[in-house]
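An overview of the molecular structure
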Amino acid sequence: MSITDPIADTLVKLKNASMVFKESVDVPFSRMTQSILEILKREHYIAEIKPLEQEGSRKRLRVYLKYYAPKKPVLTGIQRRSKPGLRVYSRCKDMPFVLRGKGLAVVSTSKGLMTNKEARGQKIGGEVLFYIW
């Protein structure tokens, strides 16, 4: 089965797994997915990322989720902004604030993936991929 939007698929898997309090979830490997997961780890939304042994020709990543308490996930919401059918771009001055700065937006720029705060600090715009809080 081919996936039309691998970023959205990964984000939905993370959100659904955290809502049912799973310890980990497996996602398909791509450089974009790995970059997104590294940003989420750096911003303390997930605990760990580990590559799995290759099954056939498909690589996978195991993502370990993070929780405040046994029944309180760190990752509570994700909203996909830029989709394959509707791309959303933002200039540096118009970079979105998510939940008045408590959330995070991941932006694809000419210098790679970064958060909205990093993009604003470097005065660079780009494609707003998703919001997370």
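Structural notes, computed from the coordinates. (Residues numbered from 1 in each chain as written. Predicted model: local features only at pLDDT ≥ 70, side-chain atom pairs only at ≥ 80, totals over all residues. Heavy atoms only, no water.)

**Brief notes about the pattern of salt bridges**
When the charged atoms of two side chains lie near each other, side chains of opposite charge can form a pair. Throughout the structure, instances matching the rule amount to seven salt bridges. A salt bridge links aspartate 9 to lysine 13, with the nearest nitrogen and oxygen atoms 3.9 Å apart. One end of the pair, aspartate 9, and the other, lysine 13, are both in helix H1 (residues 6-19), four residues apart, so they sit about a helical turn from each other. Given a relative accessible area of 23%, aspartate 9 falls into the partly exposed group. On the accessibility criterion, lysine 13 (27% relative accessible area) is partly exposed. (Salt bridge = Lys/Arg side-chain N within 4 Å of Asp/Glu carboxyl O. Helix = DSSP H or I, 4+ residues; strand = E, 2+ residues; numbered from the N terminus. Buried < 20%, exposed > 50% of the residue type's maximum accessible area, 1.4 Å probe, protein only.)

**Things to note about the pairing of strand S1 (residues 24-28)**
Burial of the side chains of S1 is restricted to one face: Val25 and Val27 are buried, whereas none of Ser24, Asp26 and Pro28 on the reverse face is. As judged from the five bridges shared by S1 and strand S3 (residues 60-65), these two strands associate in the antiparallel manner. Bridge pairing in S3 places valine 25 opposite valine 63. (Pairing = 2+ DSSP bridges.)

**Points about the pairing of strand S9 (residues 112-115)**
With four bridges joining them, strand S8 (residues 104-109) and S9 adopt antiparallel strand pairing. If you follow valine 107 over to S9, its bridge partner there is methionine 114. Connecting S8 to the next strand, S9, in antiparallel fashion are two residues.

Interpretation note: all reported values are geometric properties and have no functional meaning in isolation.
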